[in-house]
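Structure at a glance
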Amino acid sequence: MPLDPFVETLLPSLAPLPEKIDFPAWRAEDEAKAPVLAEQLAQPGPTIKERRQVTIPVDGGTIDLVIHRPIADAPLPAHLYVHGGGWIGGSAKNVFTDILAQERAVGAGCVVVAVDYRKAPEHKFPAGLNDCHAALVWLAEHAHELGIQPDLITVGGGSAGANLAAALTLKARDEGGPRIAFQLLEVPCLDLTLSLPSHRANGTGYGLTTADSTRLADYYLPSRDVIGTPYVSPLLARDLSGLPPAHIMSAEYDPLRDDGERYAQRLNDAGVPATFTLGRGHLHVTPAFTKVMASARAWRDEAVAVLRQAHRSHAT
């Protein structure tokens, strides 16, 4: 279908990555803009019981987790959410992440834990992935005191965060746990070779460009020699068996569109139940625009419903 009418008006304002980036200043500016953009573009999240931050140790430092608890009796399922931002930006603490976490905590009846993994290029692969794994281990080890069900931990993420979430399921499988019950991947980047047809179809003119994706991969990776390895490009992993069931959502006018569809196909081929939906008329970033796009609200409702059903099906 054609671009959503609102998206058409948005295209001229979508700028590529700056040629040179002062990363701390760029992140600070991005965080400062987030409340204004959220007020314009996103519906506010529902009321929750608690939002609190904890700091946990990781190899070489510490990271923060932001815990969102709904008004519900414990113990509850837990959902570990990994934010996007091209591995170089984004935050577990900004208003867009808060809104998403609140929506899923209330709608899916779970504790949502957003992980503030360390960013590239200061912390290149595998630092961010290892941070996500440390967060998963910490959740499982502290399940009782957190009021969560250790056998009902799901993971999810958007964009680069979906890349990390998918890689996390591989790492957890390979290292014997902790067990992940389900994965929810949105606008995922799963093949950093950027060689799928959607990069040719949507690589320019739709916000995120293939050129920007190439630069982001270079910021993230210590060397392009690792670009085809499973924890970097999960779609290229030789063995996808034994992974948790998945629901994958891609945007129609996204250069990463084919990543999600191909991954769902490969998971199913490996005997892993996986479903895929395509957000018609959407760009890479527009599923968050719930205030101005009915289709973004439908995307949100689908993600919440899928997560709620995954929790219920694993509880029985």
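Residues numbered from 1 in each chain as written. Predicted model: local features only at pLDDT ≥ 70, side-chain atom pairs only at ≥ 80, totals over all residues. Heavy atoms only, no water.

1. Considering the overall build of the chain
Broken down by element type, the chain carries ten helices and eight strands. Along the first, second and third principal axes, the C-alpha atoms of the chain reach 50 × 40 × 40 Å. Put simply, the chain has 316 residues, and 56% of those count as buried. Within the chain, counting contacts between residues at least 6 apart in sequence, those at least 24 apart form 79% of the total. (Helix = DSSP H or I, 4+ residues; strand = E, 2+ residues; numbered from the N terminus. Buried < 20%, exposed > 50% of the residue type's maximum accessible area, 1.4 Å probe, protein only. Contact = heavy atoms within 4.5 Å.)

2. Here's the deal with the sheet that holds strand β1 (residues 50–58)
Reading across from one edge, β1-β2-β4-β3-β5-β6-β7-β8 is the order of the eight strands in this open sheet, with mixed pairing throughout. One side of each edge strand has no neighbouring strand; the edge strands of this open sheet are β1 and β8 (274–279). Each adjacent strand pair in this sheet contributes to an overall mean axis angle of 20°, direction not counted. Bridging between strand β7 (residues 246–251) and β8 involves six bridges; their strand directions are parallel. (Pairing = 2+ DSSP bridges. Axes fitted to C-alpha atoms, helices over the stretch in contact; angles between N-to-C directions.)

3. What about the packing of helix α2 (residues 23–41) against helix α3 (residues 95–108)?
Helix packing for two helices is described by the angle between their axes and how far apart those axes are. α3 packs onto α2 with a crossing angle of 50° between their chain directions and a minimal axis gap of 8 Å. If you check the angle between α2 and α3, you find them oblique. Taken together, the residues of α3 that come into contact with α2 (itself represented by A34, P35, L37 and A38) are V95, F96 and I99. When its residues are assigned to classes, the contact of α2 with α3 shows seven nonpolar, no polar and no charged. (Parallel < 35°, antiparallel > 145°, perpendicular 65-115°, else oblique. Nonpolar A, V, L, I, M, F, W, Y, C, P; charged D, E, K, R; others polar.)

4. A word on the pairing of strand β3 (residues 76–82)
Consecutive residues of a regular strand have side chains that alternate between opposite faces of the sheet. For β3, the tally of buried residues reaches seven of seven residues, placing the bulk of the element in the interior. Here six bridges tie β3 to strand β5 (residues 148–158), and the two strands are oriented parallel to one another. Bridging across to β5, V82 finds its partner in G157. The parallel pair β3 and strand β4 (residues 111–116) is bridged by α3, and the resulting crossover is right-handed. (Right-handed = clockwise from strand over helix to strand, strands pointing away.)

5. Topic: the nonpolar core
When a protein is soluble and globular, its nonpolar side chains tend to lie buried together. Grouped together as the largest cluster of nonpolar side chains are 68 residues, with contacts concentrated most on L65, L80, V115, L192, Y263 and L267. Among the elements that make up this core, the one with the highest residue count is helix α6 (residues 160–174) (nine residues). Setting aside chain neighbours within four positions, we find L192 in contact with W87, N163, A217, Y220, L221, R224, I227, V232 and S233. With 18 residues, the next largest nonpolar core counts I48, C110, M249 and W299 among its residues. (Core = buried A, V, L, I, M, F, W, Y, C linked by side-chain atoms within 4.5 Å.)

6. Section: the side chain of D212
Residue position: D212 is located in helix α8 (residues 210–220). Those residues within four positions of D212 in sequence are excluded, and the remaining contacts are P16 and L17.

7. A few points about the packing of aromatic side chains
Under the criterion given, the structure shown has five aromatic pairs. A ring pair is formed by F23 and Y219, whose centres lie 5.2 Å apart and whose planes are at 85°; its orientation type is edge-to-face. On the criterion of sequence distance, the pair formed by F23 in helix α2 and Y219 in helix α8 is long-range, its members being 196 residues apart. With relative accessibility at 18%, the residue Y219 sits in the buried group. On the numbers, 5.2 Å between centres and 40° between planes, the contact of Y206 with Y253 is tilted. Placement of Y206 in the loop between α7 (197–202) and α8 and of Y253 in the loop between β7 and α9 (257–269) is noted, with a sequence separation of 47 residues between them. The class of Y206 is partly exposed, set by a relative accessible area of 21%. Relative accessible area serves as the criterion here: at 16%, Y253 is assigned to the buried category. (Phe/Tyr/Trp six-rings, centres within 6.5 Å; stacked < 30°, edge-to-face > 60°.)

8. Considering the pattern of salt bridges
Evaluation of the coordinates by the stated rule reveals 19 salt bridges. Of the charged contacts, one joins D174 and R173 as a salt bridge, the two residues approaching to 2.9 Å between their closest N and O atoms. Residues joined in a network through salt bridges with shared partners are D64, K93, D116 and K119. (Salt bridge = Lys/Arg side-chain N within 4 Å of Asp/Glu carboxyl O.)

9. Describing unusual backbone geometry
Of note, the bond from F125 into P126 is cis; its omega dihedral lies within 30 degrees of zero at 10°. Position of P126 relative to the elements: it lies in the loop between β4 and α4 (127–141). For the bond running from G177 to P178, omega is -5°, close enough to zero to count as cis. In this structure, P178 sits in the loop between α6 and β6 (182–186). Positive phi, close to 70°, is recorded for W87, a residue that is not glycine. Along the chain, the position of W87 falls in the loop between β3 and α3. Looking at W87, the relative accessible area reads 4%, which means it is buried.

10. Side note on the environment of P150
Mapped onto the fold, P150 is located in strand β5. Given a relative accessible area of 46%, P150 falls into the partly exposed group. Along the sequence, P150 and L37 sit 113 residues apart, while their C-alpha atoms lie 36 Å from each other.

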